[in-house]
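Structural features, examined
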Amino acid sequence: QVQVVESGGGLVQPGGSLRLSCVLSGSIFSIRAMAWYRQAPGKQRELVAMINSGDYLILGDSVKGRFTISGDNTKNTVYLQMNNLKPEDTAVYYCNFRNIVWGQGTQVTVSS
């Protein structure tokens, strides 16, 4: 049974940084097809970043240059490094595996 678990969220001030972690467990699959989404209050879920066939991509225009996605395949863990955080980054961040298995989400709040 595949499981996805996110962690690393929290409350940070504008300009701060967080690194989110997403652990894929319960399967023999790699992290080559993982994605980060976020959903802000009152807004639809949006795709932020993904690993596509080994390519690490940032999809959200508003986070390019600030966010990076990386992974450690030996640990089946995907990371989302978030720098220079802005209030508009406030959202629940979700990780998924092949857009099929989703984690519970981790809250990121950016506020002074």
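Residues numbered from 1 in each chain as written. Predicted model: local features only at pLDDT ≥ 70, side-chain atom pairs only at ≥ 80, totals over all residues. Heavy atoms only, no water.

As summarised here, the arrangement of the 4 strands in space is S1-S3-S8-S7, forming an open sheet in which the pairing is antiparallel. Whereas interior strands pair on both sides, the edge strands pair on one side only; in this sheet they are strand S1 (3–7) and strand S7 (67–72). Here the average twist between neighbouring strands, direction ignored, is 15°. Looking at chain direction, S1 and strand S3 (residues 18–25) are connected through 5 bridges and run antiparallel. What sits directly across from Ser7, in S3, is Ser21. (Pairing = 2+ DSSP bridges. Helix = DSSP H or I, 4+ residues; strand = E, 2+ residues; numbered from the N terminus. Axes fitted to C-alpha atoms, helices over the stretch in contact; angles between N-to-C directions.)

Core analysis: the largest hydrophobic core is formed by 28 residues, its most contacted members being Met34, Trp36, Leu80, Met82 and Tyr93. Secondary-structure elements contributing two or more residues to this core are S3, strand S4 (34–39), strand S5 (46–52), S7, strand S8 (77–82), strand S9 (91–97) and strand S11 (106–110). For Leu80, the residues in contact, after removing those within four places along its chain, are Leu18, Arg19, Leu20, Trp36, Val48, Ala49, Phe67, Thr68, Ile69 and Tyr93. (Core = buried A, V, L, I, M, F, W, Y, C linked by side-chain atoms within 4.5 Å. Buried < 20%, exposed > 50% of the residue type's maximum accessible area, 1.4 Å probe, protein only. Contact = heavy atoms within 4.5 Å.)

It is worth spelling out the pairing of S11 at this point. Covered by surrounding structure in S11 are Thr106, Val108 and Val110 only, the residues Gln107 and Thr109 on the alternate face being uncovered. Pairing of strand S2 (residues 10–12) with S11, which is carried by 3 bridges, proceeds in the parallel orientation. Note on S11: the bridge partner recorded for Leu11 is Thr109. Sheet topology note: the S9/S11 ladder contains 3 bridges and is antiparallel. Following the sheet pairing, Val92 is matched in S11 by Gln107.

Function cannot be read off these values alone, since they describe shape.
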